Amino acid sequence: MNYLYLYAAIIITIIVLYSRRHVKKVETDKSLLRESIQSGLAEPPSLHPIFDPALCIGSGSCTTVCPEGAIGIVNGKGVLINAAHCIGHGACLAACPFDAIKLVFGTEKRGIDIPNISVDFETNVPGIFIAGELGGMGLIRKAAEQGRQAIQSIRKRTSGAAEFDVVIIGCGPAGLSAGLSSVHHKLKYKLIEQEDSLGGAVYHYPRQKIAMTAPVVLDIIGTVKFGEVQKEKLLEFWNDVVQKTGLQISFRERMESIEKTDDGFLVRTNKGGYLARSVLLTMGRRGTPRKLDVPGEESHKVVYRLLDPEQYKGQHVLVVGGGDSALEAAIAISDQPGSTVTLSYRSAAFSRVKQKNRSLLEQGEKAGRIRVMLNSGVKEIREKDVLIEAQGEQQTLPNDVVIVCAGGLLPTPLLQKIGIRFETKFGTE
Ligand SMILES: Cc1cc2nc3c(=O)[nH]c(=O)nc-3n(C[C@H](O)[C@H](O)[C@H](O)COP(=O)(O)OP(=O)(O)OC[C@H]3O[C@@H](n4cnc5c(N)ncnc54)[C@H](O)[C@@H]3O)c2cc1C
């Protein structure tokens, strides 16, 4: 009899604990959803799940498998509670026991431009190919696989009189893999990257982020069996691959235009021009960071993203921008011992930023750790200081680093100019 009481007590305790946890989780999901809507961040960047309310029973299988914590259960149904973090892994689709999930591009409110590409990765402009996330399909493994396959198609085209068989634009996973395939097939190639590092989006993941990926074949190297791998390890591996294979990458070189010639294309960059029979665009979808266009911006002390706040210990830092990434950069650096942080924004107020960032910024400002200059603009960047104009007055601030977080210029208009056709998807597959 005593055992019965004991069993009943255990079962009741388990039910109570489970219910409490469940109620807490539901509340957290609701507040995350509310926050992302209020901050104007409820639109997923690209491929993402939608949930059929008639089929979804709120089993939660999708929430447990999502590596980015982007899905929750609200009112008993699956929903993207952290849409900005969804990168289209698709693990939710595979995990749903009721086939209630579809992966789509864009939403009713925000269309996503996806280029028309053949099975050979060729666009409607013969000779121009697209691989990786720019073509719509994200993820490290898919991008690398597409880069390899695109070169297989490109090598079938003879090089004619052009200087290069292929110019590859961008050195993220897709461009890197395409570069290796070019070496493997002995193509005359030029691989350019606008930044000073390889890795593309991976390079910009938060420090120590675990990338979820799957085995992939890289030409020359063979099958690479990464599953879950820390960002730093993956970048170290790719840099080793470049060393070992002698893959040539031209860093800090940005493609600015592509013109049709009799025999192929003339690819113009900030460093020169290349005649190529084919062009492979592996540029991802993040675009090119928006510049300030002020004297001194070409200096190496100007960067366009914060990677590691610790590196700015004891330095005078100017952050420019008014979005979450600018606020997050200013807040993170202000915690570093001995650093001074100024946040300059051209408008009169911060809109569309997370409440959490707004509060942390206010706290930092009150504590004198961050100086906020609204209605201000950078006029000149010099070796030891910067010139800023705020409300009609010019001021000189001591400066070691400028971090510009002013968003990116999407590649679509540039590619449309070349004649590449896009289809705008509003929540369709
Ligand atoms: C926060 C975050 C987390 C993620 N986590 C994962 C994960 O865990 N697992 C996973 O599989 N995927 C993940 N992804 C997605 C994955 O990183 C991308 O799908 C993948 O990097 C796409 O590769 P890509 O080569 O097509 O493009 P990108 O990685 O974007 O690389 C494109 C490159 O082209 C360069 N470029 C652009 N324009 C020009 C130009 N005009 N001239 C010269 N160079 C140019 C860029 O500087 C960049 O280096 C994540 C993405 C983000 C943002």
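Before reading on, note that the structure itself is shown above.
Here's what I pulled together on the structure shown here. (Residues numbered from 1 in each chain as written. Predicted model: local features only at pLDDT ≥ 70, side-chain atom pairs only at ≥ 80, totals over all residues.)

### Brief notes about the overall build of the chain
Part 1 of the argument: Summing up its helical and strand segments, the chain has nine helices and 26 strands in all.
Part 2 of the argument: On the principal axes, the C-alpha backbone points of the chain span a range of 90 × 60 × 40 Å.
Part 3 of the argument: Residue pairs in contact within the chain that sit at least 24 positions apart in sequence constitute 69% of those at least 6 positions apart. (Helix = DSSP H or I, 4+ residues; strand = E, 2+ residues; numbered from the N terminus. Contact = placed C-beta atoms within 7 Å.)

### A word on unusual backbone geometry
Part 1 of the argument: Although it is not a glycine, Asn75 adopts a positive phi angle of roughly 55°.
Part 2 of the argument: Relative to the helices and strands, Asn75 is located in the loop between β2 (71-74) and β3 (77-80).
Part 3 of the argument: Positioned with a positive phi, Ile220 is a non-glycine residue whose angle comes to about 75°.
Part 4 of the argument: Secondary-structure assignment places Ile220 in the loop between β10 (216-218) and β11 (222-224).

### Some remarks on the packing of helix α7 (residues 324-334) against helix α8 (residues 355-366)
Part 1 of the argument: Here α7 crosses α8 at 40°, and the two axes come no closer than 10 Å. Taken together, the axes of α7 and α8 are oblique relative to one another. Once α7 is placed against α8, the crossing between them reads as left-handed. Each of Asp324, Leu327, Glu328, Ala330, Ile331 and Ser334 in α7 lies in contact with α8, whose residues at this interface are Asn357, Leu360, Leu361 and Gly364.
Part 2 of the argument: Its residues placed into classes, the contact of α7 with α8 shows five nonpolar, three polar and two charged. (Axes fitted to C-alpha atoms, helices over the stretch in contact; angles between N-to-C directions. Parallel < 35°, antiparallel > 145°, perpendicular 65-115°, else oblique. Left-handed = near helix turned anticlockwise from the far one by under 90°. Nonpolar A, V, L, I, M, F, W, Y, C, P; charged D, E, K, R; others polar.)

### Thoughts on the pairing of strand β15 (residues 273-281)
Part 1 of the argument: Burial analysis of β15 places seven of its nine residues in the buried class, the great majority of the element.
Part 2 of the argument: When strand β6 (residues 128-130) meets β15, the two strands line up parallel, connected through three bridges. Within the sheet, the bridge partner assigned to Ile130 lies in β15 and is Leu281.
Part 3 of the argument: In terms of strand pairing, strand β7 (residues 164-169) meets β15 through five bridges, oriented parallel. Looking across to β15, one finds that Phe164 is bridged to Ala276.
Part 4 of the argument: With four bridges connecting them, strand β14 (residues 265-269) and β15 associate as antiparallel partners. Bridge assignment links Leu266 to a residue of β15, and that residue is Leu275.
Part 5 of the argument: The turn joining β14 and β15, which pair antiparallel and follow one another in sequence, is formed by three residues. (Buried ≥ 20, exposed ≤ 12 C-beta atoms within 10 Å, placed from the backbone. Pairing = 2+ DSSP bridges.)

### Points about the nonpolar core
Part 1 of the argument: Counting 48 residues, the largest nonpolar core has Phe129, Val166, Val279 and Leu280 as the members making the most contacts within it.
Part 2 of the argument: Broken down by element, the residue count for this core peaks at six residues, all from helix α4 (residues 140-154).
Part 3 of the argument: Apart from the residues within four sequence positions on either side, Val166 is in contact with Ile154, Ser182, Leu187, Tyr189, Ala276, Ser278, Val279 and Leu280.
Part 4 of the argument: With 30 residues, the next largest nonpolar core counts Tyr312, Val320, Val353 and Val404 among its residues. (Core = buried A, V, L, I, M, F, W, Y, C linked by C-beta atoms within 7 Å.)

### Some thoughts on the sheet that holds strand β17 (residues 302-303)
Part 1 of the argument: Ordered in space as β17-β24-β18-β19-β20, the five strands form an open sheet in which the pairing is parallel. With one partner strand each, in any of the chains shown, β17 and β20 (370-373) form the two edges of the open sheet.
Part 2 of the argument: As judged from the five bridges shared by strand β18 (residues 316-320) and strand β19 (residues 340-344), these two strands associate in the parallel manner. Residue pairing in the sheet places His316 in a bridge with Thr340 of β19.

### Some thoughts on helix α5 (residues 173-184)
Within an α-helix, residues lying three or four positions from one another point in the same direction, as the helix has 3.6 residues per turn.
Part 1 of the argument: Under the 1.5 Å per step criterion, the end-to-end length of α5 is 17 Å for twelve residues, consistent within 8% with the ideal 16 Å.
Part 2 of the argument: Counted residue by residue, α5 has ten buried out of twelve residues, so it is predominantly covered.
Part 3 of the argument: Where α5 is concerned, the buried positions are Pro173, Ala174, Gly175, Leu176, Ser177, Ala178, Gly179, Leu180, Ser181 and Ser182.
Part 4 of the argument: Here the buried face of α5 lies against α4, β7, β8 (189-192), β10, α6 (231-245) and β15.
Part 5 of the argument: Positive backbone phi, at 55°, marks Lys186, one or two positions downstream of α5. (Expected span 1.5 Å × (residues − 1).)

### Here we look at the sheet that holds strand β22 (residues 385-390)
Part 1 of the argument: Within the open sheet, the three strands sit side by side as β21-β22-β23. Their pairing is antiparallel. Each end of this open sheet is capped by a strand with a single partner; those strands are β21 (376-381) and β23 (393-398). Between one strand and the next, the sheet's axes are offset by a mean angle of 30°, whatever the strand orientation.
Part 2 of the argument: Where β22 meets β23, six bridges bridge the pair, whose relative direction is antiparallel. Looking at the pairing, Ile388 lines up with Gln395 of β23.

### Remarks on the site of the ligand
Part 1 of the argument: Surrounding the ligand, one finds 35 residues, the nearest of these being Gly132, Gly170, Gly172, Gly200 and Gly284.
Part 2 of the argument: Taken together, the elements giving at least two residues each to the shell around the ligand come down to α4, α5 and β9 (210-212).
Part 3 of the argument: Residues belonging to the shell around the ligand are distributed by class as follows: 18 nonpolar, eleven polar and six charged. (Near = placed C-beta within 6 Å.)

Function cannot be read off these values alone, since they describe shape.
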